[in-house]
Amino acid sequence: MAITLNSGFKMPIVGLGVWRVEGKEMRDLIINAIKIGFRHFDCAADYKNEPEVGEALAGALQAGLVKREDLFITTKLWNSDHGHVVEACKDSLKKLQLDYLDLYLVHFPIATTHTGVGTTASALDEDGVLEIDTTVSLETTWHAMEDLVSMGLVRSIGISNYDIFLTRDCLAYSKVKPAVNQIETHPYFQRDSLVKFCQKHGICVMAHTPLGGDGYFGSESCLDDTVLKGLAAKYKRTVAQILLRWGIQRNTVVIPKTSKLEIGREFPSFRLRANKGGHGPD
């Protein structure tokens, strides 16, 4: 299953996030994920594991498990590199051992003091407050992102963790429209207005933390919800399957993050439907 972005490229609707995956686990995770059908991998400079992802991808490509054109690789620009977009992108490409990225995102709508390309440090002042770089606007950052497309380094560009107002602003000043807005969204944090606004304006919503909990914003996990557990037991599905299917049926791309190799069991091969008695799978 794939969705066509406003850039014309197709993105698999289910991806695998690699946040907090330890380096030693990365190779087995990615190799096994490819073997069971994953083609979309969501990375970021700030995850500090791009070299390990690169080694794993190179191994899979060399072994003939997959072709580069069948993979969809996303990574993200960190806050401290807003004034060094091209250099940061090239640094990620080198670490990932790739010639181009399928998608490059502005990780957060904030520029912080530069600490060195690819270091992803967060500089603090003497009071322990984050050092904001007030000389780099989001518009400046976005135009540098657009340059990456014309340079052939990136196929699609997008934003991440942008609210409805910042997304609107980006649409106003952009020459190349953002193809994606990656946000946290799940049944406990639905954000319907933002999701609908993005979709109305041709921006694909990518749902990080689609199972709830363990995200940047401290939301609770949906996996322990009694209603969802009841549905999963009734229809012989896992709670994760119910949650991922819910996200897909909202026309959002879902990227669960896990280091468990049995994630292949979570591919949601059914459809939820509404009926008088509640909800059930087709």
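For the structure, see preceding data.
Model, not experiment: these values are computed from the prediction.

The rules behind the values
Residues numbered from 1 in each chain as written. Predicted model: local features only at pLDDT ≥ 70, side-chain atom pairs only at ≥ 80, totals over all residues. Heavy atoms only, no water. Pairing = 2+ DSSP bridges. Helix = DSSP H or I, 4+ residues; strand = E, 2+ residues; numbered from the N terminus. Expected span 1.5 Å × (residues − 1). Contact = heavy atoms within 4.5 Å. Buried < 20%, exposed > 50% of the residue type's maximum accessible area, 1.4 Å probe, protein only. Phe/Tyr/Trp six-rings, centres within 6.5 Å; stacked < 30°, edge-to-face > 60°. Lys NZ or Arg CZ within 6 Å of the ring centre and 35° of its normal. Polar contact = N/O pair within 3.5 Å; in protein donor to acceptor, adjacent residues only side chain to side chain. Axes fitted to C-alpha atoms, helices over the stretch in contact; angles between N-to-C directions. Parallel < 35°, antiparallel > 145°, perpendicular 65-115°, else oblique. Nonpolar A, V, L, I, M, F, W, Y, C, P; charged D, E, K, R; others polar.

A. Local environment of the sheet that holds strand 6 (residues 101–106). Within the open sheet, the eight strands sit side by side as 3-4-5-6-7-8-9-10. Their pairing is parallel. Two strands lie at the open edges of the sheet, namely strand 3 (16–17) and strand 10 (253–255), each paired on one side alone. Pairing geometry for strand 4 (residues 40–42) and strand 5 (residues 72–77), over three bridges, is parallel. Across the sheet, His40 pairs through a bridge with Phe72, a residue of strand 5.

B. Spatial organisation of helix 4 (residues 138–151). Taking 1.5 Å per residue as the helical rise, helix 4 with its 14 residues ought to reach 20 Å, and the 20 Å between its terminal C-alpha atoms agrees with that figure. The inward-facing, buried residues of helix 4 abut strand 5, helix 3 (85–96), strand 6, strand 7 (154–160) and helix 5 (164–173). Positive backbone phi, at 80°, marks Gly152, one or two positions downstream of helix 4.

C. Local environment of the environment of Lys95. Tracing the backbone shows Lys95 in helix 3. Of the residues examined, Lys95 reaches a relative accessible area of 26% and is grouped as partly exposed. Measuring from C-alpha to C-alpha, the distance between Lys95 and Pro51 comes to 4.6 Å, with 44 residues separating the pair along the chain. When sequence neighbours within four positions are dropped, the list of residues in contact with Lys95 reads Glu50, Pro51, Gly54 and Gly118.

D. Examining the packing of aromatic side chains more closely. Scanning the model with the defined rule gives two aromatic pairs in all. Centroid distance Trp78 to Phe108: 6.0 Å. Interplanar angle 85°. Geometry classified as edge-to-face. Placement of the pair is Trp78 in the loop between strand 5 and helix 3 and Phe108 in the loop between strand 6 and helix 4, with a sequence separation of 30 residues. No difference in accessibility class separates Trp78 from Phe108, as the two residues are buried. Its end group placed over the ring of Trp19, Arg20 keeps NZ or CZ at 4.0 Å from the ring centre. Taking the ring centre of Tyr100 as reference, the NZ or CZ of Arg68 above it sits at 4.1 Å.

E. Local environment of the environment of Ser221. You can see Ser221 is positioned in the loop between strand 9 (204–208) and helix 7 (226–234). Taking the relative accessible area as the measure of exposure, Ser221 reaches 26% and is therefore partly exposed. Between the alpha carbons of Ser221 and Leu211 there is a distance of 6.4 Å; along the sequence they are ten residues apart. For Ser221, the contacting residues outside a window of four places in its chain are Tyr188, Leu211, Gly212 and Gly213. A distance of 3.1 Å separates the side chain of Ser221 from the backbone nitrogen of Leu223, its partner in a polar contact.

F. Highlighting helix 5. Considered for burial, the residues of helix 5 that qualify are Thr167, Cys170, Leu171 and Tyr173. The inward-facing, buried residues of helix 5 abut helix 4, strand 7, strand 8 (180–184) and helix 6 (192–200). Regarding helix 5, its N-cap is Asp163, as a side-chain oxygen of that residue lies 3.1 Å from the backbone nitrogen of Phe165 further along.

G. Looking closely at the packing of helix 2 (residues 50–62) against helix 3. The contact between helix 2 and helix 3 brings their axes to 7 Å, and the two run at 45°. With respect to helix 3, the element helix 2 is oriented oblique. Between helix 2 and helix 3, the contacting residues are Glu50, Pro51, Val53 and Gly54 on the first element and Ser92, Lys95 and Leu96 on the second. Of the residues belonging to the contact of helix 2 with helix 3, the class tally is three nonpolar, two polar and two charged.

Taken by themselves, the reported measurements are silent on function.
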